[in-house]
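Commentary on secondary and tertiary structure
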4 protein chains.
Amino acid sequence: MLGRMFKVSFFGESHGKAIGTLIEGCPPGINIDSDYLSNELKKRKINDPTISTQRREEDKFNIVSGIFNNHTTGSPITIIIYNKDIDSTHYDQIRFRPRPSHADYTAYVKYHGFNDYRGGGIFSGRLTAAMVIAGAIAKKVIKKWGIEVYAHTYSVGHIEVGDVSVESIKENTYRNPVRCADPEKAKQIYELIKETRMRGDSIGGIVECIALNLPVGLGEPPIDTLDGDISKAIFTIPGVKGIEFGKGFQLSRMYGSQANDPLTIRNGKITTERNYSGGINGGISNGMPIRFRVAFKPTPSIYLEQKTVDLQSMTETEIKLKGRFDPCITIRAVPIVENITAIVIADHLLRWLAWEKYLEGS
Amino acid sequence: MLGRMFKVSFFGESHGKAIGTLIEGCPPGINIDSDYLSNELKKRKINDPTISTQRREEDKFNIVSGIFNNHTTGSPITIIIYNKDIDSTHYDQIRFRPRPSHADYTAYVKYHGFNDYRGGGIFSGRLTAAMVIAGAIAKKVIKKWGIEVYAHTYSVGHIEVGDVSVESIKENTYRNPVRCADPEKAKQIYELIKETRMRGDSIGGIVECIALNLPVGLGEPPIDTLDGDISKAIFTIPGVKGIEFGKGFQLSRMYGSQANDPLTIRNGKITTERNYSGGINGGISNGMPIRFRVAFKPTPSIYLEQKTVDLQSMTETEIKLKGRFDPCITIRAVPIVENITAIVIADHLLRWLAWEKYLEGS
Amino acid sequence: MLGRMFKVSFFGESHGKAIGTLIEGCPPGINIDSDYLSNELKKRKINDPTISTQRREEDKFNIVSGIFNNHTTGSPITIIIYNKDIDSTHYDQIRFRPRPSHADYTAYVKYHGFNDYRGGGIFSGRLTAAMVIAGAIAKKVIKKWGIEVYAHTYSVGHIEVGDVSVESIKENTYRNPVRCADPEKAKQIYELIKETRMRGDSIGGIVECIALNLPVGLGEPPIDTLDGDISKAIFTIPGVKGIEFGKGFQLSRMYGSQANDPLTIRNGKITTERNYSGGINGGISNGMPIRFRVAFKPTPSIYLEQKTVDLQSMTETEIKLKGRFDPCITIRAVPIVENITAIVIADHLLRWLAWEKYLEGS
Amino acid sequence: MLGRMFKVSFFGESHGKAIGTLIEGCPPGINIDSDYLSNELKKRKINDPTISTQRREEDKFNIVSGIFNNHTTGSPITIIIYNKDIDSTHYDQIRFRPRPSHADYTAYVKYHGFNDYRGGGIFSGRLTAAMVIAGAIAKKVIKKWGIEVYAHTYSVGHIEVGDVSVESIKENTYRNPVRCADPEKAKQIYELIKETRMRGDSIGGIVECIALNLPVGLGEPPIDTLDGDISKAIFTIPGVKGIEFGKGFQLSRMYGSQANDPLTIRNGKITTERNYSGGINGGISNGMPIRFRVAFKPTPSIYLEQKTVDLQSMTETEIKLKGRFDPCITIRAVPIVENITAIVIADHLLRWLAWEKYLEGS
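A quick note: this is a predicted structure, and the numbers were derived from the prediction, not measured.

1. So, the overall build of chain A
Across its full length, chain A carries nine helices and 17 strands. Rg of the C-alpha trace for chain A: 21 Å, near the compact-globule value of 21 Å for 362 residues, within the 12% margin. The buried share of chain A, reckoned over its 362 residues, is 67%. In chain A, 72% of the contacts between residues at least 6 apart in sequence involve partners at least 24 apart.

2. Structural notes on the relation of the copies chain B and chain A
The two copies are related by a screw motion: chain B maps onto chain A through a turn of 180 degrees and a shift of 0.0 Å along the axis, at an RMSD of 0.0 Å. In short, the pair behaves as if placed about a two-fold rotation axis. A high fraction, 100%, of the interface residues of chain B reappear at the interface in chain A, so the copies pair face to face through one surface.

3. Concerning the interface of chain B and chain A
Each partner contributes to the interface: chain B provides 85 residues, whereas chain A provides 85 residues. When its residues are assigned to classes, the side of chain B that touches chain A shows 40 nonpolar, 33 polar and 12 charged.

4. Considering the relation of the copies chain D and chain C
Each of the two chain copies can be generated from the other by rotation about an axis followed by a shift along it. When chain D is fitted to chain C, the residual RMSD is 0.0 Å, and the transformation amounts to a turn of 180 degrees plus an axial shift of 0.0 Å. A high fraction, 100%, of the interface residues of chain D reappear at the interface in chain C, so the copies pair face to face through one surface.

5. Some details on the interface of chain D and chain C
Listed as interface residues are 85 residues of chain D and, on the opposing side, 85 residues of chain C. Looking at the side of chain D that touches chain C, its residues break down into 40 nonpolar, 33 polar and 12 charged. Across three bridges, the pairing between strand β10 (residues 240-245) of chain C and strand β10 (residues 240-245) of chain D is antiparallel. Bridge pairing in β10 of chain D places Glu244 of chain C opposite Gly242 of chain D.

6. A look at the sheet that holds strand β6 (residues 77-82) of chain C
In sheet architecture, strand pairing relies on hydrogen bonds along the backbone and comes in two forms, parallel and antiparallel. Residues and elements named next belong to chain C. What the four strands build is an open sheet, ordered β1-β2-β6-β3; its pairing is antiparallel. Each of the sheet's edge strands pairs with one partner strand only, and the pair in question is β1 (7-12) and β3 (61-65). Across this sheet, the average inter-strand angle for adjacent strands is 20 degrees, counted without regard to direction. Where strand β2 (residues 18-24) and β6 come together, six bridges link them in antiparallel fashion. Residue pairing in the sheet places Ile23 in a bridge with Ile77 of β6. Where helix α4 (residues 128-143) meets the sheet, its contacts fall on β1, β2, β3 and β6, and the angle it forms with β2 comes to roughly 30 degrees.

7. Overview of the confidence of the model for chain A
Scored by pLDDT, chain A comes out at a mean of 95, with 97% of its residues at no less than 70. Interface scoring of the predicted complex returns ipTM 0.97; its pTM is 0.98.

8. Topic: the packing of helix α1 (residues 34-42) of chain C against α4 of chain C
All names here are of chain C. At a minimum axis separation of 9 Å, α1 and α4 run at an interaxial angle of 135 degrees. Here α1 lies oblique to α4, going by the angle between them. α1 and α4 meet at a crossing whose hand is right-handed. Note on element contacts: α4 touches α1 through Ala129, Val132, Ile133 and Ala136, opposite Tyr36, Leu37, Glu40 and Leu41. Split by residue class, the contact of α1 with α4 holds seven nonpolar, no polar and one charged.

9. Observations concerning the packing of helix α7 (residues 226-234) of chain D against helix α9 (residues 329-360) of chain D
All names here are of chain D. Orientation of α7 relative to α9, taken along the N-to-C sense of each, is 140 degrees, at an axis distance of 9 Å. By the angle between their axes, α7 is oblique relative to α9. Regarding α7 and α9, the two cross each other, and that crossing is right-handed. The segment α7 lies against α9, with Leu226, Asp229, Ile230, Ala233 and Ile234 engaging Val337, Ile340, Thr341, Ile343, Val344 and His348. Partitioned by chemical class, the residues of the contact of α7 with α9 number eight nonpolar, two polar and one charged.

10. As for the environment of Ser14 of chain D
Residues and elements named next belong to chain D. One can find Ser14 in the loop between β1 (7-12) and β2 (18-24). Since 23 C-beta atoms lie within 10 Å of it, Ser14 is described here as buried. With 236 residues separating them along the chain, Ser14 and Gln250 place their C-alpha atoms 38 Å apart. Apart from residues lying up to four places away in sequence, Ser14 is in contact with Arg118, Gly119, Gly120, Gly121, Ser124 and Arg126.

11. Brief notes about helix α6 (residues 183-198) of chain A
Residue and element names in this part refer to chain A. Over its 16 residues, α6 runs 23 Å from end to end, which matches the ideal 22 Å to within 8%, given 1.5 Å per residue. Lys185, Ala186, Ile189, Tyr190, Leu192, Ile193, Thr196 and Arg197 are the residues of α6 that are buried. Along the axis of α6, the buried positions cluster into a sector of 170 degrees, meaning they face one direction only. Facing away from the buried surface of α6 by more than 90 degrees, the exposed residues are Glu184 and Met198. Residues of α6 that are buried in the fold lie against β7 (148-156) and β8 (159-160). Downstream of α6 by a residue or two, Gly200 has a phi angle that is positive, lying close to 75 degrees.

12. Describing the sheet that holds strand β1 (residues 7-12) of chain A
All names here are of chain A. The four strands lie next to each other as β1-β2-β6-β3, forming an open sheet whose pairing is antiparallel. At either margin of the open sheet sits one strand with a lone partner, and together these are β1 and β3 (61-65). Recorded for the sheet is a direction-independent mean angle of 20 degrees between the axes of neighbouring strands.

The rules behind these values
Residues numbered from 1 in each chain as written. Chains lettered and ligands numbered in written order. Predicted model: local features only at pLDDT ≥ 70, side-chain atom pairs only at ≥ 80, totals over all residues. Helix = DSSP H or I, 4+ residues; strand = E, 2+ residues; numbered from the N terminus. Rg over C-alpha atoms; globule rule 2.2 N^0.38 Å. Buried ≥ 20, exposed ≤ 12 C-beta atoms within 10 Å, placed from the backbone. Contact = placed C-beta atoms within 7 Å. Least-squares fit on C-alpha atoms with pLDDT ≥ 70 in both. Nonpolar A, V, L, I, M, F, W, Y, C, P; charged D, E, K, R; others polar. Pairing = 2+ DSSP bridges. Axes fitted to C-alpha atoms, helices over the stretch in contact; angles between N-to-C directions. pLDDT = per-residue confidence, 0-100. Parallel < 35°, antiparallel > 145°, perpendicular 65-115°, else oblique. Left-handed = near helix turned anticlockwise from the far one by under 90°. Expected span 1.5 Å × (residues − 1). Arc of directions from axis to C-beta.

Next up, the structure:
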């Protein structure tokens, strides 16, 4: 379960009956219509076989509870997405021959062999559909208080987009299949992924996420910092290996006089002249845009021959995968990062509102 | 509160009466003696006025509960460290003139002006003494199951240590005031911090942490991943702006064929030929060393003049700090990162043991 | 969410699409077959229109996740029961005219009118099917460690069963429609409910629950006591107004010399000569059977005319219910109490095992 | 930890260095002065050696963190009460010869003999001082929103007070040493305890608690019901064996037509004609006073000879206690029940405010 007031769980296995999400603590009265949820789910699709898997998930969802007359009821929301286009034929190959750097081996040991190994089970990218649905509701929750979240592809391999405006992100990200805010870079990234795929390989990348219009005060240090809670949530996404806020790792190479964001006043409001902090100081939102980047490793599932072990005979062996895998999960992760972030913000928004209302008095 | 089975809270303000920690769920029978705790606390001290603050914290701790006859009782452990060498004279200057990139401003707004602003309150590095104490107990907890954690200074500014052996880390880290596993680099880092301090500036850096001998299976995806829980815990440390596991952000620039860690068998045990994954796959420990790096920004408290605002008059102004600040918190954070990590591992170890014992049957 | 290691959530509304449960933290490898779950669900049915509602729920469940090849996988388990025999025609009557002592009014206010009021929404007895399913899995979990739970009807109205042996409970409870361990009393209770129903009224009762073979040591005081956690869980069942352990409220009228359970040794094991404590001392199981009683109020839904208010016009009015209601929820609550209790014990068993295994050492 | 937004932990052992409480999530700006806390602590004292223990706890508390200039800061509050008048001489007698119906035996087994057995360790009534302190702060929190809590002695042995007005409770409870709202009954109870004590025995009783002015809507079903959360919290108090809300167990013997509280309108507000529900329907506060009763068993520590076992030799033996024990913990539990209840209400108040503020919109 993620969250304390807006609480989210995920469930389901890639080749099981369905995947889904349970949300507890969502306020009542939020308009949720099916078209909106469908559109959110579509963002996960690349629909370009040149650079993406051929699994054609239908992603029909089923609202099981918590939404009545197109509005949240205030009771637990459960939404299920049935698995349709399942092809488990190629998965016996990995049952006892784990893919390097995949969860195959750790899952086998942790679950004592009882895990549903087909399609990667709970470790499949398939689960991210549930993340998108939960986050779609979270985005509606925070929207009522003016907060918006946007993610985009920051880099794939060595092709890096660099600084882009929020306007470019809003306008361009979903206009190209690589979810890139810069149309020129988008083409380069497309070519890189295509070439990678043709070689049977995969490639990593970075997703950047921006959250706008947070009030000052979200985050509950010393333990429940806003950046800490975002980080924990982001690591639920398969393939994440790092996260950095604001200038992040670059700050480790800076002097304080370079790194500090001078405070100033604009239009009668306190703001900072730059945003190297990424909108968070001391674990609390400072009113500037939250900005962070997430490093994704290359999909571990590649078509090239790899060394592995046979878990039954305990011998060294090779594996050469068949099946349908994405050459670059980064581009598919863009809406996931965005929506997972909304979940954390929805939770902290509610926590913050409790104090604000309390202090207003009755 | 961090954790589910081994649960840790921190409390206290920099210039209040004391700081401390509460640990719930610690198993009984673990030997904790005062010398051990004292030694752990000493690791936080640099004791070299050339590169560190002159605040001389005594760090006398007081075991309030949960330890009896030098052993944990199984009941809540509370340990308090009284604040001694307090000098609050310089803090009125920042009460209404927040330091750029510090929590002064966010705290003022979030707590509606009621926060104890003296010495940075709960946002002070002072609280890390409580983190060290809690983590010292966690290290004892995991030691019984053979697990060890070591951190060291990976870089300061542009001076980077690069790959070092575990042996070097164990041997050298606490032999120099900059907590560096490489004696040569240690000298360079020392000079860099000294020069930075003389200019009234501060500088960032990176701490690396390694955890050894974890069994395969720690971590509870899809939500409570081991890397996610470590990340959340690490962000409780002041100044953290990023974290990456294994090859981290570098993986975003790699192909899968380069990034995957081939599985192999050594001495009858499954292992990987390299450890680009940093010991975690799918949020679960894979038996290889856990390895991650943490980016620290430069201390926001510098002696150079900075632009800020006056919160009372809502006007732009300047601040030039007096007081006692560290020019490089990275080197002081080494034992904090190490001990905070132990807390998360202790928690996940207990969770893992529950299942393992359960499956053994009665 | 109930629990810390074995974590259970419920969702769904009475006249919505479905109800269900999500279980996180269930160990892998537990055999769960559909027949077992069906049988557990059947225990909720009275199948005697003389004393029970005529709603004929089909209770076909759908295992959505977490069970593979008839065994738990270790991943989140979701089971859904679709609502079939729904008749919402009579519910518009209560939308703005709340039933006295029902949740109609509190739900209307809390959820700002957005709650699914049909059939009582989440407050319906319908949700207890989800509780039974979750508890059925919990019973399997604790069975592996020898623990069993049994509930039975202790009283309805003034007809009280009094002390009955565990053997009687096991043998008789499900042999009569009122779930009573004493066949003679069962007849009297049957007549009482029948007569109550004919008058359009409802009646209260008490369910007793016994848990056998718990090891000494379950419970985590000072906060997470075993009796406290059982109590919280029991109050999730609609209609519960009280709980007492061992001799319970009678102990408030006793002297210590009467109330204390003398310790003694039988077959080389420590035991107590009687069990007025109900198997718990200091919030920790003492090895004797856990024994507690749960007070159920009469169903608030009766067919007699009652005073209420009109929420729209804010005037006093009357309500005379139509629809299908149980005259005595107590007898239907027997398997619910039993299974909810198993959930709490499963959770505390896992917590206890973590320490036990830890102390064994690696 | 109790609570989700207003989170409370207790720590400390009876004959250890201190006991205390940690409160996380308390809003800033609440005035807390030492006199108030002292007065609250004094309510735990009976100061009449005829009916109470002679342990003279000083109950000097030490505010360690979270309060600055007599106001809460919004950061974790830690308050410690040092143990002073400790006499451990008589406790070796019980180390291996557990008192019947006490936690001596369960603690010995659970903590593998490492628990601090002196004075009952964490199971001592001593810990209730920490509960009072935490609850005193909670009472201030809820007072700002108009909510008040009052407890009183409802019965001791067979002497029962019966229905008393809120005015009587407020006026009389602390005017007599047995915390009774009815002065006449107070005398009878006094005599009963005195006589019990002279015989070396102890006696049970019931505490009733009333919470006034809660808004409609506190409680978060289906899991976190208000009555369930109160119950769990109440069971942290030593000696509790049962709890009932409203008419409680009596409702199990009633018809619905007798039990239901008719809704009506008074002064333009919805209310009920009676309050058999005890102010809660469906786990949610209904605007009427919360009213519940808590059954306390007699103190297990009596001066009469009792059968027990020797844990080392595993033989049957006797115990005849020396030391200082209360003959009736019920009367001392009155302020504990009151203040523990305030903790739960403070938590649910904040949760409720989050939604209310959220729905107001920005």
